[in-house]
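One-letter residues, chain by chain:
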Amino acid sequence: MSPQPMIQFESVTKLYGRVLGVNDITLELAPGAYGLLGPNGAGKSTLLNLLTGQLLPTRGSVQVLGMNPRNNAELMRRMGFCPGFEGMYSSICGLDWVVYLLEMQGYSRADAKRRAVDCMELVGMNEEGRCRSISSYSRGMRQRTKLAQAIAHEPELLILDEPLSGLDPIGRAQMTDVLKNWISLGRSVIIATHVLHEIEALTQSFLLISGGRVLASGTAGEVHELLFKVPMEILIRCNDGRGLAARTLKDGLAEAARVTDGPQGDVVTLTTRNASALSLGVAKWIQEGDLRVFEMRTADDSLQSLFNSLMKIHRGEI
Amino acid sequence: MPIHNLGYREWKGELESSSTRWSVVAEIGIRRAWHSSWLRRMMFFAWVPGVIMGFMIFLFEQSEKNDGAAQDILRDLTRVMMQPGEREQAREHGADNLANELARAMNWGATPAERRHSFWSALLLNLFRRSQPLILIPMIGIIAPPLISQDFRSRAFLMYFSRPLTTVQYILGKAATIILYLSMITLLPAMTLFFVGVLLSPDISVLSMTWDLPFRIFFVSAIIVIPCTFLSLMLSSLTTESRYASFSWFSIWIFGFLTYSVVNQYSTPGNFSIMQCVSLFHVFSDVAGWMLDPRLAVAGIETQLAMLGMLTAVSIAVIYRRVSAPMQV
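Residue positions are counted from 1 within each chain, in the order its sequence is given. Chain letters and ligand numbers both follow the written order, the letters beginning at A and the numbers at 1. Thresholds applied to this predicted model are a pLDDT of at least 70 for local features of residues and 80 or more for the giving and counting of side-chain atom pairs; totals over whole chains, interfaces and linings are not thresholded and use all residues.

### A word on the interface of chain A and chain B
Taken residue by residue, the interface counts 35 residues in chain A and 28 residues in chain B. Those elements giving two or more residues to the side of chain A that touches chain B turn out to be α2 (73–77), β5 (79–82), α3 (94–105), α4 (109–122) and α7 (169–184) of chain A. Put simply, DSSP marks the helices as runs of H or I at least four residues long and the strands as runs of E at least two long, and each gets a number from the N terminus on. With five residues, α3 of chain A is the single largest residue contributor to the side of chain A that touches chain B. Any residue outside Ala, Val, Leu, Ile, Met, Phe, Trp, Tyr, Cys, Pro, Asp, Glu, Lys and Arg is labelled polar, Gly included; the first ten of those are nonpolar and the last four are charged. Tallied by class, residues from the side of chain A that touches chain B come to 17 nonpolar, 10 polar and eight charged. Think of it this way: build a C-beta for each residue from its backbone, and any pair within 7 Å is a contact.

Structure (C-alpha cells):
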C-alpha cells in the first residue's frame, strides 16, 4: 500500500475575480522536501495560501496531511508557515512575538519562552537582537524571526515563502544549514522561491510553476538540463553590431540576431542555445582586434527564459 | 572530549488545552494598546469621577451620622450644581443631571436604608450616564480601530490562522482586549465605589439593603461594553486603514447625538420616537437609568434594548464574515 500523500491537489483552480491564481492543478506529493520554483506572479503564494487554508479553491479540492486545510486547527498544529510578507507587529519584540505564537500552539508561557529562545538562537538571533522591538529589525532579522516562529513548534510540514530573501550571504548560509538540519530529521518542507541556486543545497525535488500551472517537476539536474536546452538571449554592445551578428549567425553560434543603433555603440541581441560557445567566439574576435565590446550580459533571466519556453511548450508553440 | 550537538533540539512536553488560546490574542492586543500614552492618560482621568463620587459617599455617610458640616457641604454641593427650577422639574420628570439626582436622592426615602440605596444608585447612574461615556468613546477610538484592520493590512492574520486558532477564538481575543479596558473604566470604578460605600457605612448590614447594586452594575457595564466592543470591532474589520475605522466610530456618536437633538426638539415631551435610537449616547443613558433605578420611567426601553441587541448581533455577523474571509479584504 502506498503511503498517504502529504499534499493532494485535485483539479484545483483559484480565481480572484477574473484573475487566475492557479489553473487546474492536479498534484500529489509524498512527504519530503520540495522547491516550488517560479517567477514573480507565477502563483506560488496562491498555492501556499491554498495549502494553509487561507484561500478556498474556486474549483477542485486540496488535502494536506490527509485533511482539508480550511479552518482546520488540528492541521495547523502540525504545520509551520513562514510567509513572504511581514505579518509581524512592529511595536513588540521578536522574542515576544515568537512566544505568543507558540502559546497559540498550546505551549505554556514558560515552555513557550524557553522554546522561543532556543529557536531564535538557532536562527542566529542573539539576546540583544531578539529583545529589541521588531520595528528596529533589519530585513534579515525579520526573516530569521519568521523562520524561528515557523519551526518552533516542530511542525511535520514546514511551508516557507521566500525564506532567504533579504539575508546576507552569511545569513543565507546559516539559514541553509538550519533547514538542512531540519530536513535531515525527516520532516517535510516546501520552499517557494524564484531563485534556483538558493534552494539547490536543500532539496533535489523541484516543481516549476508559472502562469498558475505546474509546468514541470524533477530534480535540480533536470532543471539545469532544461535550462541548457532553452534558448537564451545575450545582449552585446559593441562597435560593429552588424558584423558581429553576421559572424555569429554564419558560425552557427546564434539562432537569431537583432541589431539596434545606440548612442554608445550598436546593441546586438543574440538568441543562442549555446551561450558558452558564443562567449568563447566573442572573446576570440576581441583578441584578434576585430571587435570592441563595451558590454555583454544576458538579456533575460535564465529561469524566466526557461519558464517562457515551458509555457510555449504547453501552448504547443514549440 | 564529548562533542555537543548545538543543532536543532526536539521538544518533548505536554501542550495545553485550546480553551485559553483566545487569551493570547487578547494579551497581544492589551500590550500593544498600552503603548499609547493617550490611553494611559485617559485611564488616569477615567478614575477621577469615581474618586469624587467616593468622596461624596463619604460626605453622605457623615451626614447620616448627623455631622452638620458634612450635611452642609453636601447640600451646598447640590445647590451649586442645581439649575434654577430644576429641583421641581426633577420631581416631575425624573432626573437628568447630577444635581437633580442628588436632590432627588436626598428628598426620597424616609429611612436611612432607602436614602442610601437612592443616593448610591444616583451616583452610579451618573458614573454610567455622564462621566464614563465621555471617556469610553475616545478610549475605544484609540484601542479598537487598529485591532483587526492592522492585522489585515500587515497580513498578521495569516500568522494567526497558521496556528490552531479558530475564527471565534480570534474574535473573542480581540473583543476581550476592548472589554478589559472598558471594564477598567466602567465596571471596576463602579464596583470600587460600591465597596467604598460599604466600607464607609456604619455596619455590614448595609449589604442587605444594597445587595442588588453590584448585579445592576455588572449588567449595566455589560450592556454598555458589549455593543460598543462589537460595533467598534466591526468598523475595524471593514477596512485596512484604522483611521477610517476611527473616523466612522466618532461619526456614529457625533451624528447620532446631533440627530437626537434635532428629533427631540420636534417631538412631544414624554413621547418616544424610534429616531431617538440613533444616538447611542442617549440609548446607553436611558438603559443605564432603567437598570440602575427602576423608579425612573424610561420611554421606549424595549425598543432601545432590542436595538442594542440587534446592533451587537449584526456587528458579530459582519466581523465573523470578514475574519473568515480575510483574503478578500
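### Some remarks on helix α14 (residues 242–266) of chain B
Turn by turn, an α-helix covers 3.6 residues, leaving residues three or four places apart pointing in a common direction. All names here are of chain B. In a regular helix each residue adds 1.5 Å, so 25 residues correspond to 36 Å; α14 covers 37 Å between its end C-alpha atoms and thus fits that length. Put simply, a residue is buried when 20 or more other C-beta atoms lie within 10 Å of its own C-beta and exposed when 12 or fewer do; between those, it is partly exposed, and each C-beta is set from the backbone. Listed in full, the buried residues belonging to α14 are A245, S246, W249 and Y260. Buried residues in α14 make contact with α7 (112–143), α8 (145–154), α13 (212–237) and α15 (280–292). Given a helix with a known number of residues, its expected span is that number minus one, times 1.5 Å.

### Here we look at the sheet that holds strand β9 (residues 213–218) of chain A
Hydrogen bonds along the backbone pair up the strands of a sheet, which may run parallel or antiparallel. Residue and element names in this part refer to chain A. Strand pairing is defined by DSSP finding a minimum of two bridges between the two strands. The strand order across the open sheet formed by six strands is β5-β6-β7-β3-β8-β9, and the pairing between neighbours is mixed. One side of each edge strand has no neighbouring strand; the edge strands of this open sheet are β5 and β9. For this sheet the average axis-to-axis angle between neighbouring strands, irrespective of direction, equals 15°. The pairing of strand β8 (residues 206–210) with β9 spans five bridges and is antiparallel. Note that in β9 the partner of F206 across the bridge is G218. Axes here mean lines fitted to C-alpha atoms, for a helix over just the part in contact, with angles spanning 0 to 180 degrees between N-to-C directions.

### Focus: unusual backbone geometry
Working note: non-glycine residues mostly have negative phi, and peptide bonds are mostly trans. All names here are of chain A. We note that D24 has phi near 50°; this positive angle belongs to a residue other than glycine. By the element assignment, D24 lies in strand β2 (residues 19–29). Positioned with a positive phi, N71 is a non-glycine residue whose angle comes to about 45°. Inspection of the secondary structure puts N71 in the loop between β4 (59–64) and α2. The class for N71 is partly exposed, based on 15 C-beta atoms found within 10 Å.

### What about the confidence of the model for chain A?
A score from 0 to 100, pLDDT tells how confident the predictor is in each residue. Summary statistics for chain A give a mean pLDDT of 85 and a share of 90% for residues scoring 70 or more. Averaged over each element, pLDDT in chain A is lowest for helix α12 (residues 302–315) of chain A (64) and highest for β4 of chain A (93).

### A few points about the sheet that holds β4 of chain A
Residue and element names in this part refer to chain A. Spatially, the three strands line up as an open sheet ordered β2-β1-β4, and their pairing is antiparallel. Of all the strands in the sheet, the pair left with one neighbour each is β2 and β4. If you compare each strand with its neighbour and ignore which way they point, the axes differ by 25° on average. Bridging between strand β1 (residues 7–16) and β2 involves seven bridges; their strand directions are antiparallel. Bridge assignment links L15 to a residue of β2, and that residue is L20. Sheet strands in contact with helix α1 (residues 44–51) are β1, β2 and β4, and its direction is about 120° off that of β1.

### Regarding the confidence of the model for chain B
This prediction gives chain B a mean pLDDT of 82; 82% of its residues lie at or above 70. The complex prediction reports pTM at 0.76, with the ipTM value standing at 0.72.

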